[in-house]
Structure formats: C-alpha cells, structure tokens
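# Reading the structure
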Amino acid sequence: MEALIPVINKLQDVFNTVGSDVIQLPQIAVVGTQSSGKSSVLESLVGKDLLPRGTGVVTRRPLILQLVNLSPEDRRKAAGEENGVETEEWGKFLHTKNKIYTDFDEIRQEIENETERISGNNKGISAEPIHLKIFSPHVVNLTLVDLPGITKVPVGDQPKDIEIQIRDLILRYISNPNSIILAVTAANTDMATSEALKVAREVDPDGRRTLAVITKLDLMDAGTDAMDVLMGRVIPVKLGIIGVVNRSQLDINNKKIVAEAIRDEYAFLQKKYPSLANRNGTKYLARTLNRLLMHHIRDCLPELKTRINVLAAQYQSLLNSYGEPVEDKSATLLQLITKFASEYCNTIEGTAKYIETSELCGGARICYIFHETFGRTLESVDPLGGLTTIDVLTAIRNATGPRPALFVPEISFELLVKRQVKRLEEPSLRCVELVHEEMQRIIQHCSNYSTQELLRFPKLHDAIVEVVTSLLRKRLPVTNEMVHNLVAIELAYINTKHPDFADACGLMNSNIEEQRRNRMRELPPSVPRDKGAPGDGTQDAGTGGWRGMVKASKSEDGAYEEKTKYMTSLPASPQKGHAINLLDVPVPVARKLSAREQRDCEVIERLIKSYFLIVRKNIQDSVPKAVMHFLVNNVKDNLQSELVGQLYKSLLLEDLLTESEDMAQRRNEAADMLKALQRASQVIAEIRETHLW
C-alpha cells in the first residue's frame, strides 16, 4: 500500500501539466490561524529549512508540497535521470520546469520570489498555488498543502475583505471530499476558540477526515499542561490529536537544525508527558499522516478511477465535436457543401437525421402552410364580401346603358365576379412569402442541428447562408409572377359553361320554377293562371340558361325567403362569422327595391357565389403546386450545383476554411486534457489489487 502515495503524486503531476483541477485528488490540507506554527510543522516533516519564516503573514499563496521517499536504488536511478545529481536530497518546482535545487535556502528564496511575483511585495494573497517536490530518503511519502493563515484584521496593502478571501481559499481546498484536514492550533490558546477546528467542522461535521495538531507545547503557561487536550477530553477529534514542539524564532535565528530540534522535542515529551510521548511528536505525526493518507487514497481510488473514465469519455466527445484539423482543404470544403445541401433537402423531405420535436419544421411546416394557413384563409374569404345589393344593382344598370333591360345583362355578372376573384390574389402571394420564410429558417436549422462542423468555419457558414439566401431571393419573383398569372388566368376568361357552374344554374332554375308554381297555386280562382304575376312580360322559360332564371316572383317577401333558403343550402359557403373582411356589413338602402330589381340582384349574387367557389377551389389547388415547382423543388434541385459553383474555388479555399479564433485553442485544450486523463487512467491501472491491502 506504500505505493499508493507516489501514484497520487504522479496523478498530481499529470494534471498540473494542463493546469486544471477537474479531478479532486487525495491530499492533506494544513489549516490554522496566522503564526500558529503551520509552516514549522511542515518543515519538521521535511527535516529541512525550506519555507519562508517570520512574524505576520508569511504564507500568502497555497504551497502544494509533495514529499517523495527515495530508497538507495531509487536515488541512483533518479541521479541518472536528473543529469547526474549527486546529492541525496533535492527539490523541483513546477514553474521552473526541470531545474534542480539542491540548496534548500535557494528553495526558500524561490518560494519568496514566486510569491511576490504573483501576490506583490506587501501582504496581499493569491489563490494560484506553488508546486514543490522534495526528493529525500529521510521523508515519508506525503502530499501536503500549506495554506495562508486565518486572519481577522487587514495589514499592509491587504484588501478590507482579506478575512473572507482567505476563508474562501481555505474552503476551496478543504471542501474537497478526498482531502484530509490537518487542523493546527497553538497549545497556548484555548482549544474551544480554535478557528482551524471551526472551519474544519463546517465541511467535515462528522470529523472523519480531520486530524488535530497541537503546536508550541513548550510555550504553555507555568502550572498548566495539555494533557486533557491531547487525551481528547476537551474537544474529541476522530482521527486523533497529536502534540508537537517547534523551533522558536531564536532557534531559527541561531541556525538550529531540524534534526536537533526533533531530538529536543522527544526529550521534552519524555519529561513533560511520559505516558503520551510515543503517541506525539513530529516523527509520530509523519507516520500517522502517511498511514491516514494511504488508507484515504485506498478508499477514494475506485471513485477516482470512475471519475477519470467518465471525464475521458466526455472530453473525447467534446474533441470529436470540434473536429480534426483540416489537412485536405479542397476535399473538406466539398464534403461540407455536399453535406449541407443533403441535410437541407432531407429537412424538406422529412428524412433529416435530427428531427425537431418542439415545433413543425421544413417540409412539414410547408405542408401546414399550404393546407392549414392558406386553405383556411381562402375558405374564410366571403364570396360576396365587400359587395352590397346597391353595388350589384348599380352594376346591372351601368351595364344596360341608356336602354331599360328586359333581361339581366351578362356583362354585369362578369364585372362583379372578376372583382371578387381578384381578392384571392393577396392570400396566394402571402402563401408564397410564408414558404420562402420557412425555407430561410431551414438554413439555420441545418447549421444548428445537422452540420456542427460548419460552426468551426464561420466564414464558410456565412458564405453558404449568403448563397442559399441569394438562390431563394432569385426564385421569389418567378414564383410570385406565376401565382399572379394563375389569378390572371381565372380573370382572363369567365367560363360560364364550366360543368359545375352549369349544374348550379340548373339547380337555381329548378328552385325558381318551383317557387313560381307554388305561388300560382295560391292565387284565387278568379285570377287567370297565366297572369298570376301581373306585369310579368316574360314568356315560356328556357331551361338551363339565363332566361330561365328570370321567372321569379315579384313578391318581395318571397324573394327574400328564397334568397335566404338558397344561401343556407349553398354547398361550401363560408359562415359570415369567419369572414376576414371586416367591412362586409349591410349598407342600408335609401329606397325600397322593386320586385324586379330584387329578383335581378338575387340572380347575380347567386351566380357570383357559385362561380367564385369554383375559382377558389382551382386557386387552392394550383397555388401550392406552383410554389412547389417554381420555388421548393427548384431550390432543392439546384442547391448543390449553386453552392459548388459559387464556393468551390481555389482562391476561396484558404479564407473559407479559416477556423474561428477560439476553436483551435479549445481543441488543443480538450486534446491536452484528454491526454492527461488517459495518462491518469494508465497510472491508476498500474496499481494491482495487492497494493491496496
């Protein structure tokens, strides 16, 4: 199990290269108030003077300290690797790459210089850590983090919220569930007021990963001792409480070596706390930390392995989404153009790989526009909308000129029905516009969902959008002209011989004839049957023609009733409540119409309605076909050739396939992280099950 700590050190090195803390590695975080002796404890564990010392704020950046135990065989091997270093102890910083420090005074000076470089030369702090590795045969394998001391009052150029900053920095390290908290408290302060234990309890309320260290046992007031504290009677700590004696500032000034200080510590413990001497002191602390860290690593390892594998899969997927660096630009450009054109056509056909579930899109939306939006709009157009009885009567009179007419003039019907048919042009053109807008939206849909690679090349994306938009814009006038012509064709020739229109005329004839016969039966016997309609100068009615339609009664009430009946029985007639023409309201007639005028108006209105419904049916069928042929299918057929013709040029290759500025950087970062995770996975895989026990 001794091999576990070097494994974690390797993992630490692996992730240091990418400058990321995505993996929470097991480590020991040293927490305590300012000048409580944290750095002194670390120096005792290393056995060398290597940390900046003094009063006030000394540790102003986190120091991640890896202690690596070297056996004689490892030392010879390392000496060969480290360019022939002959000394048995040395240090290395991450920020100085492969530079070897054999003089520990130099290490201390480098820590001070690096701290001032980031944190300034006064009392400011920084969250950016310093990484230091110490190789020595006299240390146990440990990974420690020395954190700035908890303080309350800002000094020097420290900000006013220095207490909050330091607290947040400490919590960032000790909140890691894989860390062990080394809570350092001076023996000459009350244990119940320990800030270190208070902070530790916030993130570790059960105390399962907190170890207490009591420093400065030799500085307690005369007549007092730390027996109750060390026995856990004051505040119990699950992992234990260990007392140590540090060197005083005088000892440091007099260059008292650490080894001598440890001997003096042992003598002090034997004299003052003989029953507890073997469970306290720096050497016991080092062995305890080593054992705790090994067991902690063993417990964390399965979860750590799973986390690394999950992250590796995530970064692999992320790297795939960024795509590979472009080598053959010509082939890549052609491939992207072809893929976009294919996805565009598939979205219209409904065979796209990415199906939208939140709203209609592509071909489905176009179908909805044809049959729901356009169809319902046409059905809501009232055949007689905007046409009053006075308008009809005026048209009839204008068509007869100076002569009173015996029959309803056909020209009046033709003029009025053209006016009504013309109203179908606006919704038809609006249908073209809606389909054009949807085909514009398909471009964005393909960019977002179907061809992620396009997002890598913003210039190519913009160029493709511009070409497709231009193609759509080019086809819009052609389609509009065709739809306009469809309405113009209907206006060009009013076909009164249309089978459906002839049937309507015949039905209307029969109704009028039936109405006349019914009134003749109701006349008194003294009135001759052939003169049942006084003033009616018409002769025998023709059947199926205009003249047959004028055999109507002059009774005004009967005409109104018959008109109402016919309008309600007329097939496919839209309800007035759904009409979109808000001006379709009856205009009061200034005078009472004569029976003949009423009859003529009624005939014209019925004919207009019948013919309008025939034309509307034609338009409702032909406009979608025209839009599909002239706009949708034309764009589908010519899209790829248009894109290739406009963009597949050697002069444009370099410019179009220029990646966005941050894409290459993001790809490199993802690739580096993936390599680190794969390396970490290999490191963990090297551990055999036998190493864990």
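The present account deals with the structure reproduced in this document. The model shown is predicted, which means the values in this text are computed figures rather than measured ones.

Definitions and limits used
Along each chain, residues carry numbers from 1 onward, in the same order as the chain's sequence is written. Totals for whole chains, interfaces and linings use all residues, but because this is a predicted model, local features are given only for residues with pLDDT of at least 70 and pairs of side-chain atoms are given and counted only at 80 or more. Hydrogens and water molecules were not included; the side-chain quantities draw on all heavy atoms of the structure. Only the stretch in contact is used when fitting a helix axis, every axis being a line fitted to C-alpha atoms; angles between N-to-C directions are given from 0 to 180 degrees. Numbering of helices and strands runs from the N terminus, with a helix taken as a DSSP run of H or I at least four residues long and a strand as a DSSP run of E at least two residues long. In this scheme, roughly parallel covers angles under 35 degrees and roughly antiparallel covers those over 145, while 65 to 115 is roughly perpendicular and the rest are oblique. In this analysis, two residues are considered to be in contact whenever any of their non-hydrogen atoms come within 4.5 Å of each other. Only centres within 6.5 Å qualify two rings of Phe, Tyr or Trp (six-membered ring in Trp) as a pair; their planes then separate them into stacked at under 30 degrees, edge-to-face at over 60, and tilted for everything else. Residue exposure (1.4 Å probe, protein chains only): buried if accessible area is under 20% of the type maximum, exposed if over 50%, otherwise partly exposed. Between the first and last residue of a helix there are one fewer steps than residues, each counted as 1.5 Å, and that sum is the expected span. Fitting one axis to the seven residues ending at a residue and another to the seven starting there, the bend at that residue is the angle between the two axes. Here a strand pair is declared whenever DSSP counts at least two bridges between the two strands. Salt bridge criterion: a side-chain nitrogen from Lys or Arg within 4 Å of a carboxyl oxygen from Asp or Glu. Polar contact criterion, stated in full: a pair of N or O atoms within 3.5 Å, where within protein one must be able to donate a hydrogen and the other to accept it, and residues adjacent in sequence count only if both atoms are side-chain atoms. We define the nonpolar core as a collection of buried residues of types Ala, Val, Leu, Ile, Met, Phe, Trp, Tyr and Cys that are connected through side-chain atoms lying within 4.5 Å of one another.

### Considering the packing of helix 2 (residues 38-46) against helix 10 (residues 282-322)
One way to put it is that helix 2 packs onto helix 10 with a least axis distance of 9 Å and a crossing angle of 85°. Judged on the interaxial angle alone, helix 10 and helix 2 are roughly perpendicular. Side by side, helix 2 and helix 10 meet where Val41, Ser44 and Leu45 of the first sit next to Thr282, Leu285, Ala286 and Leu289 of the second.

### Thoughts on the packing of aromatic side chains
A full pass over the atoms with the stated rule returns five aromatic pairs. A centroid spacing of 5.2 Å and a plane angle of 20° characterise the contact between Trp90 and Phe135, whose relative ring orientation is stacked. Placement of the pair is Trp90 in strand 3 (residues 90-93) and Phe135 in strand 4 (residues 130-136), with a sequence separation of 45 residues. Under the relative-accessibility criterion, Phe135 is labelled buried at 11%.

### Here we look at helix 10
Here helix 10 spans only 52 Å end to end across 41 residues, well under the 60 Å set by a 1.5 Å rise per residue. Helix geometry: helix 10 is bent most strongly at Leu301, by close to 45°, with proline Pro302 lying one to four residues after it. Immediately beyond the C-terminal end of helix 10, within one or two residues, lies Gly323, with a positive phi of roughly 80°.

### What about the pairing of strand 1 (residues 27-32)?
The element strand 1 is largely enclosed, with a buried count of six among its six residues. Where strand 1 lies against strand 6 (residues 179-186), six bridges are found, and the strand directions are parallel. In the sheet register, Ile28 faces strand 6, and the bridge partner there is Ile180. Here three bridges tie strand 1 to strand 5 (residues 142-146), and the two strands are oriented parallel to one another. Considered in strand 5, the bridge of Val30 is made with Asp146.

### A word on the pattern of salt bridges
The tally for this structure, following the rule as stated, stands at 18 salt bridges. The salt bridge involving Lys636 is made with Glu349; its shortest N-O contact spans 2.0 Å. A residue pair is termed long-range when its members are at least 10 positions apart, and Lys636 in helix 19 (residues 595-647) and Glu349 in helix 11 (residues 329-349) qualify at 287 residues. Taken together, the salt bridges that share partners define one network made up of Arg61, Glu114 and Arg117.

### With respect to the environment of Val155
Mapped onto the fold, Val155 is located in the loop between strand 5 and helix 5 (162-174). Sequence spacing of Val155 and Gly124 is 31 residues, and the spatial spacing of their C-alpha atoms is 8.9 Å.

### Examining the side chain of Ser428
Along the chain, Ser428 turns up in helix 15 (residues 425-450). Its relative accessible area of 0% is what places Ser428 among the buried residues. Within polar-contact distance, the side chain of Ser428 engages the backbone oxygen of Leu424 at 2.8 Å.

### Observations concerning helix 19
With 53 residues, helix 19 ought to run about 78 Å at 1.5 Å a step, and its terminal C-alpha atoms sit 73 Å apart, in line with that. Along helix 19, the sharpest change in direction is near 45° and occurs at Asn638.

### Some points on unusual backbone geometry
Positive phi outside glycine occurs at Lys216, with the angle close to 60°. With respect to the secondary-structure elements, Lys216 resides in the loop between strand 7 (210-215) and helix 7 (227-230). Assessed through its relative accessible area of 21%, Lys216 is described here as partly exposed.

### As for the nonpolar core
Most often, soluble globular proteins keep nonpolar side chains buried together rather than apart. Among the nonpolar cores identified, the biggest contains 70 residues, and Tyr344, Met439, Leu460 and Leu643 are the most heavily contacted of them. Of all elements in the fold, only helix 11, helix 12 (363-379), helix 13 (389-400), helix 14 (410-421), helix 15, helix 16 (458-492), helix 19 and helix 20 (650-656) reach the threshold of two or more residues within this core. For this core, the element with the highest residue contribution is helix 19, accounting for 19 residues. Counting residues in hydrophobic clusters, the runner-up holds 57 residues, among them Leu132, Leu289, Leu319 and Met673.

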